[in-house]
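# A closer look at the structure
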Amino acid sequence: MKLTLALLFAAAAYAQGPIRGFSEEAAAKQRALEAKLLAVPDARRLEAHMKAMASEPHHAGSPASRKVAEYALSQLRAAGLEAKIETFEALLPYPKDRQLSMGKFTARLSEPNFAEDPDSTDKNQLPTFNAYSADGDVTAPLVYVNYGVPEDYEYLKKQGVDVRGKIVIARYGQAWRGVKPKVAAENGAVACLIYSDPKDDGYFRGDVYPAGAYRCEYGVQRGSVMDMSIHVGDPLSPGFASEPGGAKRMTLKESKTLMPIPVLPISYGDAKPLLEALSGPTAPENWRGALPITYKIGPGTTPVKLKLTHDWGTRPVHNVIATIRGSVYPDEWVLYGNHHDAWVNGANDPISGAAAVLETARAFGELYKTGWRPQRTIVFALWDAEEYGLIGSTEWVEKHLPELKEKAVAYFNSDSSGKGVLGLGATPALNLFLEQVSRDVKDPATGESVLAQMLKVQKPFQPRPLGSGSDYVGFVHHGGIAGVNFGFSSAASSGGGVYHSIFDSFAWYKRFSDGEFVYGKALAQVAAMSVVRMSEAPIVPFEFTRAAATIRKSWGEVDKLAADKNVGLPNVTASLDKLDAAAKEFEAQYASAKSGTREVYLTERALLLPEGLPGRPWYKNSVSAPGQYTGYGAKTIAGVRESLELGQRAQAVAQAKVFAQVMENYAAAITAAGAKLKR
Ligand SMILES: [Zn+2]
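Residues numbered from 1 in each chain as written. Predicted model: local features only at pLDDT ≥ 70, side-chain atom pairs only at ≥ 80, totals over all residues. Heavy atoms only, no water.

## As for the coordination of the zinc ion
What counts, and what does not: Only N, O and S atoms count as donors, using a 2.8 Å limit from the metal and a wider 3.2 Å limit for Na, K and Ca, and since water is excluded some coordination spheres may look unfilled. Angle rules define the geometry names used: all angles between 85 and 135 degrees makes four donors tetrahedral, while opposite donors over 155 degrees apart and all other angles between 65 and 115 make four donors square planar and six octahedral, leaving every other case irregular. By definition, any uninterrupted DSSP run of H or I lasting at least four residues is a helix, any uninterrupted run of E lasting at least two residues is a strand, and each is numbered from the N terminus.
Those protein atoms acting as donors to the zinc ion are His339 (NE2), Asp349 (OD), Asp415 (OD) and Asp415 (OD), and they sit at 2.0 to 2.6 Å. Its four donor atoms give the zinc ion angles of 53 to 147 degrees at the centre, a pattern that matches the irregular case. In the primary structure, the donors to the zinc ion are separated according to the pattern H-x9-D-x65-D. Taken together, the residues His339 in strand β13 (residues 329-339) and Asp349 in helix α9 (residues 347-369) connect sequence positions ten residues apart.

Here it is in structure tokens:
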């Protein structure tokens with residue numbers, strides 16, 4: 001028995017090299033603990049969680065969403081954790097009327113039922129719509145705008161095509177969906193259709209569902225079009241928590257994040273007759289998709305009619321929160337979360353990741369039952385209403401912000417996860433930490449490390465900067481808390497072909513993604529390893545020389561952009577030199593230190609911009625932010641970079657001054673943390 005267990009432990013984890021934050025002696029003990037922890041996550045249990053949590057459509061605000069929250073609650077309690085549901089409320093509109101027609105053609109606006117996939121026949125599926133689209137009834141000529149990003153409108157202007165008063169049709173892809181209607185409205189369009197072109201996630205990529213993993217003729221991508229570049233969370237309570245019977249909320253008119261024009265997502269089956277009817281110039285080659293038509297820009301001669309109404313309901317949002325109290329540093333929190341709400345059944349998005357949270361929590365529960373107690377407090381969270389605009393996590397961060405600013409060491413996040421290579425987005429100070437975590441977890445397909453697989457795709461090891469798209473946003477961009485986003489993916493298993501359609505089901509996941517749940521198990525192991533190193537490390541495992549190098553590289557790009565635009569920026573390099581020096585000095589002190597906690601993780605708060613980003617004060621992170629015109633995609637040093645991109649020269653200069661000051665503050669915080677390390 002002992003031998004078998006030892007073999008199991010050996011199979012789950014690698015033990016190579018030093019562990020950041022631990023002395024050699026402490027690392028040996030830590031490895032034994034990690035081996036026990038990583039042996040717990042179980043593929044069959046992950047599958048059972050997915051079956052249970054993705055069995056019904058469970059969009060936020062619905063009774064089925066409450067049921068999923070209660071399932072998670074019961075699982076966390078069964079694992080021996082203290083757990084509760086924290087309820088908020090938010091504006092969560094559901095669609096009412098949806099009509100789209102052109103002459104004799106009426107769009108179908110519904111997805112087909114397939115006998116192979118019982119979930120596709122469920123009557124409780126939410127109809128296809130874009131959340132926070134305006135209500136409206138418009139009839140106007142149609143214009144094709146490619147991906148609907150600002151460059152596309154520049155091209156249209158050069159061609160003499162005016163979209164004012166028109167309905168535009170954009171294809172999904174390139175930028176986040178909410179950017180498309182926003183830019184359409186800025187250019188004077190009266191409504192926006194967004195369709196999934198087969199070139200981007202349909203038959204051009206591979207066989208379509210149910211034969212293959214990709215989007216079928218009438219598959220539709222639902223999704224939110226909240227203007228998340230301003231702020232995320234409930235549109236009616238920016239900056240404060242929206243609790244039942246709580247603080248006053250704004251009116252719909254006062255909200256800054258509702259889309260001003262009607263927006264509707266459609267399938268390529270519905271888009272084809274509309275696109276085919278366009279006249280005017282032929283679209284340039286890089287605008288053409290994979291439909292068997294000649295792509296034209298328009299406008300069309302027959303006007304298109306679009307009518308949309310929504311119920312604008314306020315609905316409950318149920319976050320599930322579980323904690324294990326720290327025995328030495330109870331007021332230092334390590335958090336790991338994933339959302340539980342879906343647009344549909346959501347086997348991939350989000351249950352593949354939510355199941356991993358439950359298995360990670362169970363692993364800690366197993367240790368807890370043996371009498372083990374973590375050094376720091378561990379918090380597991382399953383968030384609601386992520387799909388509408390990261391609402392559950394954001395309201396929670398806003399409610400607990402003063403406490404989080406003091407106590408949060410780091411927030412780990414996952415979301416949809418498939419199989420293949422581990423994707424990582426992270427705060428720069430966690431670069432070395434994450435390299436070691438992925439070095440020490442085994443890739444289930446090859447038996448090599450997760451890190452080895454990552455290095456086959458990209459060298460050197462470099463997590464992406466954090467933009468938007470999942471629940472880390474409130475923590476990282478508003479709270480100044482170190483954050484990580486992780487999940488496995490490969491081309492087909494990433495779920496792009498069924499993303500936010502009713503085919504994101506257990507049947508799809510089983511056939512086309514991580515059907516054996518071995519990568520789900522690896523995700524739980526990556527998460528467990530991350531959490532337990534962060535909770536147990538005698539010295540909080542941040543590392544600043546790589547952070548300084550990452551930030552300097554970003555500054556190099558911004559500086560070059562300024563030079564290209566002939567904008568003279570104030571000297572930031574001197575501040576970056578101070579940061580380098582502080583990071584090196586910290587390393588020297590770290591080498592002989594035994595412990596160091598609070599001041600080390602509080603360095604991250606020094607990266608916050610006191611006034612926030614220009615025009616969007618809710619976003620306070622100076623190092624990375626979601627781009628105003630990319631949506632999910634990150635812009636590093638966004639205050640300066642976006643000012644340059646938008647031609648705001650004076651603002652770019654002012655922001656560079658602010659950034660230099662923030663870098664000095666960061667350097668000073670690192671120096672202070674180094675001085676407080678205990679020898
Ligand atoms: Zn998701």
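After that view of the structure, there is still more to cover.
## Quick notes on the pairing of strand β12 (residues 314-324)
Just so we agree on the cut-off: Burial classes follow relative accessibility: with a 1.4 Å probe on protein chains only, a residue under 20% of its type's maximum area counts as buried, one over 50% as exposed, and anything between as partly exposed. Note: two strands are recorded as paired if DSSP finds a minimum of 2 bridges between them.
β12 sits mainly inside the fold: eight of its eleven residues count as buried. Bridging between strand β1 (residues 82-91) and β12 involves ten bridges; their strand directions are antiparallel. From the neighbouring strand, Lys84 faces β12, where its bridge partner is Ile321. Across five bridges, β12 lies against strand β14 (residues 376-383) in antiparallel orientation. By the bridge assignment, Ile324 is partnered in β14 with Ile378.

## Focus: the sheet that holds strand β10 (residues 263-266)
Our working definition: Helix axes are fitted to C-alpha atoms over the stretch in contact, other axes to C-alpha atoms as well, and angles between N-to-C directions run from 0 to 180 degrees.
Ordered by their spatial adjacency, four strands build an open sheet running β6-β7-β8-β10, and the pairing between neighbours is parallel. Whereas interior strands pair on both sides, the edge strands pair on one side only; in this sheet they are β6 (142-144) and β10. Along the sheet, successive strands turn relative to each other by an average axial angle of 25 degrees, direction set aside.

## Some thoughts on the side chain of Glu111
Quick reminder of the rule: Nitrogen and oxygen atoms within 3.5 Å of one another constitute a polar contact, given that in protein one can donate a hydrogen and the other can accept it, and given that sequence-neighbouring residues count only through two side-chain atoms. In this analysis, two residues are considered to be in contact whenever any of their non-hydrogen atoms come within 4.5 Å of each other.
Structurally, the position occupied by Glu111 is in the loop between β3 (105-106) and β4 (130-131). Under the relative-accessibility criterion, Glu111 is labelled buried at 9%. Polar side-chain contacts of Glu111 include one of 2.9 Å to the backbone nitrogen of Val220. Looking at Glu111, its side chain comes within polar contact range of the side chain of Arg222, at 2.7 Å. For Glu111, the contacting residues outside a window of four places in its chain are Thr128, Tyr218, Gly219, Val220, Arg222, Ser501, Ile502 and Phe503.

## Re the packing of helix α12 (residues 431-439) against helix α13 (residues 450-457)
Stated precisely, the cut-off is as follows: We call two directions roughly parallel when the angle between them is under 35 degrees, roughly antiparallel when it is over 145, roughly perpendicular when it lies between 65 and 115, and oblique otherwise. Three classes are used, and their members are as follows: Ala, Val, Leu, Ile, Met, Phe, Trp, Tyr, Cys and Pro are nonpolar, Asp, Glu, Lys and Arg are charged, and the others, Gly among them, are polar.
Their axes nearest at 6 Å, the elements α12 and α13 cross at an angle of 115 degrees. The pairing of α12 with α13 is recorded here as roughly perpendicular in orientation. Where α12 abuts α13, its residues Glu435, Ser438 and Arg439 lie against Val450, Leu451 and Met454. In terms of residue class, the contact of α12 with α13 is made up of three nonpolar, one polar and two charged.

## Here we look at the side chain of Glu642
You can see Glu642 is positioned in helix α20 (residues 638-645). Its relative accessible area of 5% is what places Glu642 among the buried residues. Residues within four places of Glu642 in sequence aside, it is in contact with Arg616, Gly627, Gln628, Tyr629 and Lys635.

## Description of the domain arrangement of the chain
Selection rule: As annotated, the domain borders come from an automatic or database domain assignment. Note on definitions: buried area is the accessible-area loss of two parts on being combined, 1.4 Å probe, summed for both. What counts as a salt bridge is simple: a side-chain nitrogen of Lys or Arg found within 4 Å of a carboxyl oxygen of Asp or Glu.
In terms of domain boundaries, the chain breaks down into domain 1 (38-92 + 316-536), domain 2 (95-310) and domain 3 (544-676). The distance between the C-alpha centroids of domain 1 and domain 2 comes to 29 Å. Opposite the 40 residues of domain 1 that make contact, domain 2 presents 49 residues. Here domain 1 meets domain 2 over a buried area of about 3500 Å², counting both sides, of which 57% is carbon and sulfur. It is Leu91, Ile502 and Phe503 in domain 1 that bury the most area against domain 2; as a group they hold 20% of the surface buried on that side. Joining domain 1 to domain 2, the criterion identifies two salt bridges. Between Glu89 and Arg249 there is a salt bridge, with its nearest N and O atoms 3.9 Å apart.

## Some details on the packing of aromatic side chains
A ring pair, where both rings are aromatic, is described by two values, the distance of the centres and the angle of the planes. Formally: What counts as a ring pair is set by centres within 6.5 Å for rings of Phe, Tyr and Trp (its six-membered ring), and what kind of pair is set by the plane angle: stacked under 30 degrees, edge-to-face over 60, tilted for all other angles. Think of it as a cone above the ring: NZ of Lys or CZ of Arg counts as a charge over the ring if it is within 6 Å of the ring centre and within 35 degrees of the ring normal.
Applying the stated rule across the entire model yields 30 aromatic pairs. Between Trp383 and Trp396, the ring centres sit 5.4 Å apart and the planes meet at 55 degrees, which makes this aromatic pair tilted. Of this pair, Trp383 sits in strand β14 while Trp396 sits in helix α11 (residues 391-407), and the two are 13 residues apart along the sequence. We note Arg171 situated over the ring of Tyr147; from NZ or CZ to the ring centre the distance is 4.1 Å. Sitting above the plane of the Tyr629 ring, Lys182 keeps its charged end 4.9 Å from the centroid.

## Points about the sheet that holds strand β17 (residues 483-489)
Read across the open sheet, the seven strands follow the order β1-β12-β14-β13-β15-β17-β16; overall the sheet is mixed. Strand pairing shows two members of the sheet lacking a second neighbour, β1 and β16 (421-426), which therefore form its edges. On average, adjacent strands in this sheet sit at an angle of 20 degrees to one another, irrespective of strand direction. Relative to β14, β13 runs parallel, the two sharing eight bridges. Within β14, the residue paired with Val334 across the bridge is Ile378. Contacts from α11 reach β1, β12, β13, β14 and β15 (408-413) within the one sheet, and its direction differs from that of β13 by about 165 degrees.

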